[in-house]
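Secondary and tertiary structure notes
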Amino acid sequence: MAAVYKSLSKTDGQKPESANNGVKKNKQRVLILSSRGVTYRHRHLLNDIASMLPHGRKDVKFDSKSKLNELNELAELYNCNNVLFFEARKGKDLYMWLSKIPNGPAIKLHLQNLHTMEELHFTGNCLKGSRPILSFDAAFDSQAHLRVIKELFLHTFGVPQGARKSKPFVDHVMGFSFADGKIWVRNYQISEEEASVVLSGDDDKGKKPRGGATSRAGNTEIKLIEIGPRFVLTPIVIQEGSFGGPIIYENREFISPNQLRSDLRKAKASRHNARVEQSMDRMSRKGELGLRSSSGQKRAKDELSNKSLFA
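Let me begin by describing the structure that accompanies this report. From a predicted model like this one, the values you see are computed outputs, not experimental measurements.

Some points on unusual backbone geometry
Cis geometry is adopted by the peptide bond preceding Pro102, which originates at Ile101 and carries an omega value of 0°. On the secondary structure map, Pro102 appears in the loop between strand 4 (93-100) and strand 5 (106-115). Omega for the peptide link from Gly228 to Pro229 comes to 0°, which places this bond in the cis form. In this structure, Pro229 sits in the loop between strand 10 (220-226) and strand 11 (230-241). Backbone geometry places Asn79, a non-glycine residue, at a positive phi of 60°. By secondary structure assignment, the location of Asn79 is in the loop between helix 4 (70-77) and strand 3 (82-89).

Points about the pattern of salt bridges
Inspection of every chain in the model, using the stated rule, returns nine salt bridges. The residue Arg230 makes a salt bridge to Glu226 at a minimum N-O spacing of 2.9 Å. A residue is classified by how much of its surface remains accessible, and Glu226, at 3% relative accessible area, is buried. One salt-bridge network, in which partners are shared between bridges, spans Arg186, Glu226 and Arg230.

As for the nonpolar core
Judged by nonpolar contacts, the single largest core of 33 residues is most densely connected at Phe176 and Ile183. Formed by 14 residues, the second largest nonpolar core is a distinct cluster that contains Phe62, Ala75, Ile101 and Ala106.

Some details on the environment of Phe153
For Phe153, the location among the structural elements is in helix 6 (residues 144-157). Among residues more than four places away in sequence, those in contact with Phe153 are Leu98, Leu134, Phe136, Gly158, Phe176, Ile183 and Leu233.

A look at the pairing of strand 5
Put simply, side chains in a regular strand alternate between the two faces of the sheet. Sheet analysis places strand 4 next to strand 5, joined by six bridges and oriented antiparallel. Among the inter-strand pairings, Tyr95 is bridged to a residue of strand 5, identified as His110. Taken together, strand 4 and the strand that follows it, strand 5, pair antiparallel across an intervening segment of five residues, in which Gly104 is found at a positive phi of about 90°. In this structure, strand 5 lies alongside strand 11, joined through eight bridges in antiparallel fashion. Counterpart to Leu109 in the pairing with strand 11 is Pro235.

Side note on a nonpolar patch on the surface
Where nonpolar side chains cluster on the molecular surface, the patch consists of Leu304, Leu309 and Phe310 and spans about 400 Å² of accessible area. The exposure class of Leu304 is exposed, given its relative accessible area of 68%.

A few points about helix 3 (residues 40-52)
Because an α-helix completes one turn every 3.6 residues, residues spaced three or four positions apart along the sequence face the same direction. The first and last C-alpha atoms of helix 3 sit 19 Å apart over 13 residues, in line with the 18 Å expected at 1.5 Å per residue. Looking only at helix 3, the buried set comprises His42, Leu45, Leu46, Asp48, Ile49, Ala50 and Met52.

Side note on the packing of aromatic side chains
This structure, assessed with the given rule, holds eight aromatic pairs. A ring pair is formed by Phe62 and Phe85, whose centres lie 6.0 Å apart and whose planes are at 90°; its orientation type is edge-to-face. Of this pair, Phe62 sits in the loop between strand 2 (56-58) and helix 4 while Phe85 is found in strand 3, placing the two residues 23 residues apart along the sequence. One exposure class covers both Phe62 and Phe85, and it is buried. Seen from their ring centres, Phe153 and Phe157 are 5.8 Å apart, and the 65° between their planes marks the pair as edge-to-face. A residue pair is termed a helical-turn pair when its members lie 3 or 4 positions apart in one helix, as Phe153 and Phe157 do in helix 6 at four residues. Take Phe153 and Phe157: they sit in the same class, and that class is buried. Taking NZ or CZ as reference, Arg57 lies 4.0 Å from the ring centre of Tyr78, over its face.

Here is what the cut-offs are and how they apply
Residues numbered from 1 in each chain as written. Predicted model: local features only at pLDDT ≥ 70, side-chain atom pairs only at ≥ 80, totals over all residues. Heavy atoms only, no water. Helix = DSSP H or I, 4+ residues; strand = E, 2+ residues; numbered from the N terminus. Salt bridge = Lys/Arg side-chain N within 4 Å of Asp/Glu carboxyl O. Buried < 20%, exposed > 50% of the residue type's maximum accessible area, 1.4 Å probe, protein only. Core = buried A, V, L, I, M, F, W, Y, C linked by side-chain atoms within 4.5 Å. Contact = heavy atoms within 4.5 Å. Pairing = 2+ DSSP bridges. Patch = residues over 30% accessible without salt bridge, like charges linked within 9 Å, V, L, I, M, F, W, Y side chains within 5 Å. Areas by Shrake-Rupley, 256 points an atom, 1.4 Å probe, with all protein chains shown as cover. Expected span 1.5 Å × (residues − 1). Phe/Tyr/Trp six-rings, centres within 6.5 Å; stacked < 30°, edge-to-face > 60°. Lys NZ or Arg CZ within 6 Å of the ring centre and 35° of its normal.

In structure tokens:
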């Protein structure tokens, strides 16, 4: 009888009316997971992002790093149409994959300069499960690959209305800015205070909160207080399919962290080789000028020389 009562009560609600009116619901679900080898900072960032996405489904670590196309089957198993995957390399580098299941596209980004909520120690706070306002820079509409990235950000970080575990409040803003070929991600809390409260406090001296901005609307003052996390993304490639298919965009200016570390090691090795060559040239010039001991004259043995001490 309980099942019959539930089915009859659903028919009396407003859901069938909205369906008959042609209102299309935004049904987005995100599968959030990481690979093996993530550090504690990467894991804390993953937990912070998962707490901001009430429409997400957090899963255990993914073993394989070469067969990423298996994530499509895993997402379909959990009834998710978006995938947010963190790929760790060598315990240092972190890459973020954003993919649309099942037909793509998929974006690979290099994540760096990350700061979790615990590291920032900001005073702001927001309700867990609330829906964010996504703010994009005007540069996202200037190029084709940035428009694709913006659309995937909307599907991944945009919490749909009426999603499971979501609250009917909007109290924080996620800002995406594009500068120097990188995407800067920031998260702010929307704080509203009455004018009487603001004038009676210390904020009437013109002080602004750290990491935020202020604006007045009527008798209330709206502030943006940064709450974290913050990180920087560098686009690498965009694939036409989901974790596969032809590459429709490639960042030619991106240099992998392995290449940067290799160049630094080669630079240090070249400086060492140059110093060794200079010392060899100096010794040979001393021999040519007769400053070193020759076969006819034997100089006094230095008891403090390296050959005597470390023979």
